[in-house]
Amino acid sequence: MMSSSHDWFTHDRFGLFIHFGLYSTLARHEWVMTREQTAPEDYERNARFFDPDLFDAREVARAAKAAGMRYAVLTAKHHEGFAMFDSKLTDYTSMQTFGRDIVREFVDACREEGLRVGLYFSLIDWHHPEFTIDYHHPLRDREDAVELNASRDMVMYREYLHGQVRELLTNYGTIDYLFYDFTYDEPRDGWEGKGPADWDAEALLRLTRELQPGILVNDRLGIPADLVTPEQYQPDETMTRDGVEVTWEACQTLNGSWGYDRDNVDFKTPDLLVRMLVDSVAKGGNMLLNIGPDGRGAVTPRDLATLAAIGDWMDRNERSVIGAGPAAEVAPFGTRFTRRGDRLYLHLFHWPFGHVHLPDLAGRVGFARFLHDGSEIRTSAIDPDQQAWNTTPGGQPAGTLTLHLPVTRPDVLVPTIELFLAEDETRTTNDATTNEGETA
């Protein structure tokens, strides 16, 4: 479990991931270097064409804030090894290539907009000459790969790895969240993977905490830290380890790619993304939603439109997400409950006809309303012995609260109902029923 200094994370619930690097100008996925098995010296030549003149960190931070996000995470360096910050340990950086420290611009913009600052940092570096070849490395299928590996020294690479982490956590002020990526210690295809010993994970985690005592660290060093990070799927329930609930964050893309991927048009709709966000919070998790700026650094119009659509929903419904968490009550099929203080939030993923029946809530709800416009929703507790006949619905199990919905679905991405839990559960406005099972 996280310490109290990390309570902001489970309060804020929603963050922006930004994958931006040299791969952005190639526009074929952030793993293009290894997918196409490009030798480091050939891949490096692309850097002279990378000049993201349209990257505007303030625009990105403002878009995140307008979408209802409370924190943002930028790729300081991805697996390709190109540093988007002013590293003194290599000249393979944004500063040396086009004269800009992208990390500096990002952290300054986040702070101006009141967002928590997160950085992503790859443990892998396919560009570094001492990083040993494995089954992810672009040189893995070369005939002389084993011979090339014989002269490589992971000890030297680890010094470089730890040195760059020290730079990031020393030169940019307070960093709230460090997203390491990633450990793969199982063997495959005749190659060994890489695990905690390769990173000296224990020492790296100590260094991280020494330099930034309040920092939040994910689990991808291969050793326990503050949270777990399921990627590209939604957990089917609250996440646990050895029977104990853990803090978690679903890492999700808009179209299946993290970096800018021009020809990938498999985009998720805004309503699906809101459902995924709500689903995460209902199960005790966060959602980190990714965008990939293009080769000139611009956030694509489609990505901006998606963030804006989510923001429109969050403007009216964010209290069901921000500062909220799981509810003990059982949500009916096709819905999710979240809870914040003395209020329950019922999110309707599918629009039912007429009624929603909520077990064990009769007598506990003082008022029900749509969250987007504050309009009241009628409620009742239908007598369990009531016989269904003609226009009269049958009874519901004792303790069931019935909500009476309009036929027409509200024009919002996910209709949300706010239920005010009664302070005194013996007092309720919902226990008087009429012949049809509705309140008078």
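This is a predicted model, so every value here is computed, not measured.

Now for the overall build of the protein. Scanning the protein from N- to C-terminus turns up 13 helices and 16 strands. When the backbone C-alpha atoms are referred to their principal axes, the protein occupies close to 85 × 45 × 40 Å. The proportion of buried residues among the 440 residues of the protein is 57%. Put simply, of all contacts in the protein between residues at least 6 apart along the chain, 71% involve residues at least 24 apart.

For the structure shown, the criterion picks out 1 cavity of 30 Å³ or more. Computed from the structure, the largest cavity encloses a volume of approximately 30 Å³. Lining the largest cavity, in full, are Leu16, Ile18, Ala57, Val60, Ala61, Ala64, Ala72, Phe106, Ala109 and Cys110. Put simply, the parts of the chain that give the lining of the largest cavity at least two residues each are strand 1 (14-18), helix 5 (57-66) and helix 7 (102-113). Looking at the lining of the largest cavity residue by residue, the class counts come to 10 nonpolar, no polar and no charged.

It is worth spelling out the confidence of the model for the protein at this point. For residues with low pLDDT, the predicted coordinates do not support detailed interpretation. Here the protein shows a mean pLDDT of 95. Residues at 70 or above account for 95%. Segment residues 424-440 is flagged for pLDDT under 50; beyond a separation of four residues in sequence, or across chains, it makes 34 contacts in the model.

A word on unusual backbone geometry. Asp181 connects to Phe182 through a cis peptide bond whose omega is -10°. Counting through the fold element by element, Phe182 comes out in the loop between strand 4 (177-181) and helix 10 (196-199). One non-glycine residue, His29, adopts positive backbone phi at about 85°. Of note, His29 is situated in the loop between helix 2 (23-26) and helix 3 (32-35).

If you walk across this open sheet you meet the 4 strands as 10-11-16-13, and the pairing is antiparallel. Strands with a single pairing partner mark the edges of an open sheet, and in this sheet they are strand 10 (335-340) and strand 13 (365-370). Geometrically, the sheet is characterised by an average inter-axis angle of 20° between neighbouring strands, direction not taken into account. Its contacts with the sheet place helix 12 (residues 270-282) against strand 10 and strand 11 (343-348), and it is angled at close to 55° to strand 10.

Moving on to the packing of aromatic side chains. All chains considered together, the criterion is met by 23 aromatic pairs. On the basis of an interplanar angle of 70° and a centroid distance of 5.8 Å, the ring pair of Phe9 and Tyr177 is categorised as edge-to-face. Within this pair, whereas Phe9 is found in helix 1 (residues 7-12), its partner Tyr177 is found in strand 4, the two being separated by 168 residues in sequence. In this pair, the class of Phe9 matches that of Tyr177, namely buried.

Attention shifts here to helix 9 (residues 154-171). Taking 1.5 Å of rise per residue, 18 residues should cover 26 Å, and helix 9 covers 25 Å from first to last C-alpha, within 8% of that figure. Regarding helix 9, the residues found buried are Met154, Tyr157, Arg158, Tyr160, Leu161, His162, Gly163, Gln164, Val165, Glu167, Leu168 and Leu169. Among the structural elements, strand 2 (71-77), helix 7, strand 3 (116-122), strand 4, helix 10 and helix 11 (201-211) are those in contact with the buried residues of helix 9. For helix 9, the side-chain oxygen to backbone nitrogen distance between the N-cap and Val155 is 2.9 Å, and the N-cap itself is Asp153. Once helix 9 ends, the next one or two residues include Gly173, with phi positive near 75°.

Read from one edge of the open sheet, 3 strands run 12-15-14, paired in antiparallel fashion. With partners counted over all chains shown, the strands left at the sheet margins are strand 12 (355-358) and strand 14 (378-380), one partner each. Strand-to-strand twist in this sheet, taken as the mean axis angle between neighbours without regard to direction, amounts to 25°. Pairing of strand 14 with strand 15 (residues 401-404) involves 3 bridges; the strand directions are antiparallel. The partner of Arg378 across the bridge, within strand 15, is His404.

The interhelical angle for the contact between helix 9 and helix 11, taken along N-to-C directions, is 15°, at an axis separation of 10 Å. Here helix 9 lies roughly parallel to helix 11, going by the angle between them. The element helix 9 and its partner helix 11 pack so that their crossing is right-handed. Touching Leu161, His162, Val165, Arg166, Leu169 and Thr170 of helix 9 are Ala203, Leu204, Leu207, Thr208 and Leu211, all from helix 11. Taken together, the residues that form the contact of helix 9 with helix 11 break down as 7 nonpolar, 3 polar and 1 charged.

What counts, and where the lines are drawn
- Residues numbered from 1 in each chain as written.
- Predicted model: local features only at pLDDT ≥ 70, side-chain atom pairs only at ≥ 80, totals over all residues.
- Heavy atoms only, no water.
- Helix = DSSP H or I, 4+ residues; strand = E, 2+ residues; numbered from the N terminus.
- Buried < 20%, exposed > 50% of the residue type's maximum accessible area, 1.4 Å probe, protein only.
- Contact = heavy atoms within 4.5 Å.
- 1 Å grid on protein atoms, 1.4 Å probe; cavity = no way out; pocket = protein on both sides within 12 Å on 5 of 7 lines; lining within 4 Å.
- Points joined across faces, edges and corners; volume = space filled by probe spheres on them.
- Nonpolar A, V, L, I, M, F, W, Y, C, P; charged D, E, K, R; others polar.
- pLDDT = per-residue confidence, 0-100.
- Pairing = 2+ DSSP bridges.
- Axes fitted to C-alpha atoms, helices over the stretch in contact; angles between N-to-C directions.
- Phe/Tyr/Trp six-rings, centres within 6.5 Å; stacked < 30°, edge-to-face > 60°.
- Expected span 1.5 Å × (residues − 1).
- Polar contact = N/O pair within 3.5 Å; in protein donor to acceptor, adjacent residues only side chain to side chain.
- Parallel < 35°, antiparallel > 145°, perpendicular 65-115°, else oblique.
- Left-handed = near helix turned anticlockwise from the far one by under 90°.

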